[in-house]
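Survey of secondary and tertiary structure
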Amino acid sequence: MASSNNGNRAAWLQGPSGHCELAPTDKVTPWRLILLGAPGVGKGTQADLLHQRLGACHLSTGDVFRAAGSRPDCEQSPAMRDALASMRRGELVPDSTVWELVRERRACLQCRGGFILDGFPRTLSQAVSLAQLMKSEGLSLTAVVSYELPAEAIVARLAGRRTCQKCKAVYHIVERPPQLEGQCDRCGGKLFQREDDRPESIEVRLEAYERSTRPLIDFYSNSGLLRQIEATGSPEQILDRTLPEIDARHLSQGAQQLWTAAENRR
Ligand code: AP5
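None of these values were measured; they are calculated from a predicted model.

**A short note on the side chain of Thr213**
When you line up the elements, Thr213 lands in helix H9 (residues 199-213). Using a relative accessible area of 5% as the deciding quantity, one classes Thr213 as buried. Engagement of the side chain of Thr213 in a polar contact is seen with the backbone oxygen of Arg122, the distance being 2.8 Å.

**Brief notes about the site of the ligand**
The ligand sits among 36 residues. The nearest are Thr45, Glu91, Arg122, Arg161 and Arg205. Gln126 places a side-chain nitrogen or oxygen 2.9 Å from a nitrogen atom of the ligand. A total of 1,000 Å² of accessible area belongs to the ligand in isolation, and the protein chains cover 97% of it. Those elements giving two or more residues to the shell around the ligand turn out to be helix H2 (43-54), helix H3 (61-69), helix H8 (151-159), strand E6 (170-172) and helix H11 (235-265). If one sorts the elements of the shell around the ligand by residue count, H3 sits on top with 4 residues.

**Considerations on the packing of aromatic side chains**
Enumeration over the complete set of coordinates arrives at 2 aromatic pairs. For the pair Trp99 and Phe120, a centre-to-centre distance of 6.3 Å together with 20° between the ring planes defines the contact as stacked. With Trp99 in helix H5 (residues 95-103) and Phe120 in the loop between strand E3 (115-118) and helix H7 (124-137), this residue pair connects regions lying 21 residues apart in the sequence. This pair shows no difference in class: Trp99 is buried, exactly as Phe120 is.

**Looking at the sheet that holds E3**
Taken in spatial order, the 5 strands make up an open sheet running E2-E3-E1-E4-E8, and their pairing is parallel. The open sheet has two edge strands, strand E2 (57-60) and strand E8 (226-230), and neither has a second partner. Across the sheet, the axes of successive neighbouring strands diverge by a mean angle of 25°, strand direction being ignored.

**Digging into the pairing of strand E1 (residues 32-37)**
Judged by how many residues are buried, E1 sits mostly within the fold: 6 of 6 residues are covered. Side-chain alternation along E1 places Arg32, Ile34 and Leu36 on one buried face and Leu33, Leu35 and Gly37 on a second face that is also buried. Taken together, the 4 bridges between E1 and E3 define a ladder with parallel strand orientation. If you follow Leu35 over to E3, its bridge partner there is Asp118. In this structure, E1 lies alongside strand E4 (residues 143-148), joined through 5 bridges in parallel fashion. From the neighbouring strand, Gly37 faces E4, where its bridge partner is Tyr147.

**Comments concerning the confidence of the model for the chain**
Mean pLDDT over the chain works out to 91, with 97% of the residues at or above the 70 mark. Of all helices and strands in the chain, the one with the weakest mean pLDDT is H11 (85), whereas E1 scores best (98). Taken as a whole, residues 1-5 scores under 50 in pLDDT and shows 21 contacts with residues more than four places along the chain or in a different chain.

The rules behind each value
- Residues numbered from 1 in each chain as written.
- Predicted model: local features only at pLDDT ≥ 70, side-chain atom pairs only at ≥ 80, totals over all residues.
- Heavy atoms only, no water.
- Helix = DSSP H or I, 4+ residues; strand = E, 2+ residues; numbered from the N terminus.
- Buried < 20%, exposed > 50% of the residue type's maximum accessible area, 1.4 Å probe, protein only.
- Polar contact = N/O pair within 3.5 Å; in protein donor to acceptor, adjacent residues only side chain to side chain.
- Near = heavy atom within 4 Å.
- Areas by Shrake-Rupley, 256 points an atom, 1.4 Å probe, with all protein chains shown as cover.
- Phe/Tyr/Trp six-rings, centres within 6.5 Å; stacked < 30°, edge-to-face > 60°.
- Pairing = 2+ DSSP bridges.
- Axes fitted to C-alpha atoms, helices over the stretch in contact; angles between N-to-C directions.
- pLDDT = per-residue confidence, 0-100.
- Contact = heavy atoms within 4.5 Å.

Given below as structure tokens:
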């Protein structure tokens, strides 16, 4: 089974020139989530399921880089060409490039439909920049979910992943195979293996996660936002584990908003 293709995310994927045709519905208390976890743990798969359940938009920085990579060379800035080379090697893209890309898409963070950030922030510097931007915009996070899985299971998920060239739906050759080998169930597009899912890049990505991203667990734990979830079992089982954890935070955020509104009316 493939994960969903998330509707339209033009404003996120293309930046300021893109306009979403299917803008998410405004919410009184929008869900604003960050998904953490090693490469291949299943963040993108969960983000799609959470998007279907909660309506918030799935915003992946990796998807922005891949969308830029599919444009002709002449449309890529030197910083983007360097970013794509880092990505192929499995290394993190420099903070300055990532932050520039997120900053110019800050309207997506302000969207009343909410967001599910996947793959950002990935370093302490990115987390601090995001916290400052959100504070200045008067936005608050609902929760930060960190998915946990042993390294050997992660490597198996990455090595078997196949992605649709056209609609970007994600499959796994063993766990979530397409009905016809090499072909997307949804749109008939050709399935391919990501360049950074080769063994040598996987090793570099896992090291980068341990060195640069794992420290974010303490960062968000200290602010009381963190929920750690075991990522074993089927995607639906993992979603069922996630929802009660984040529901409680969302309810208390909604109650807080009502209380503040009532105080302001006095
Ligand atoms: P990015 O695109 O963010 O990749 P990633 O974090 O490495 O995560 P993945 O997309 O590989 O995995 P996932 O956790 O989403 O798993 P998925 O759901 O696909 O980043 C790529 C690169 O861009 C980085 O290496 C870096 O170079 C650069 N970059 C991006 N953001 C950056 C930033 N902020 N700073 C610096 N650099 C940045 O699942 C994996 C497979 O498992 C699939 O085949 C799926 O079908 C299968 N699967 C999922 N769930 C299950 C399950 N429960 N059971 C069995 N199989 C499952």
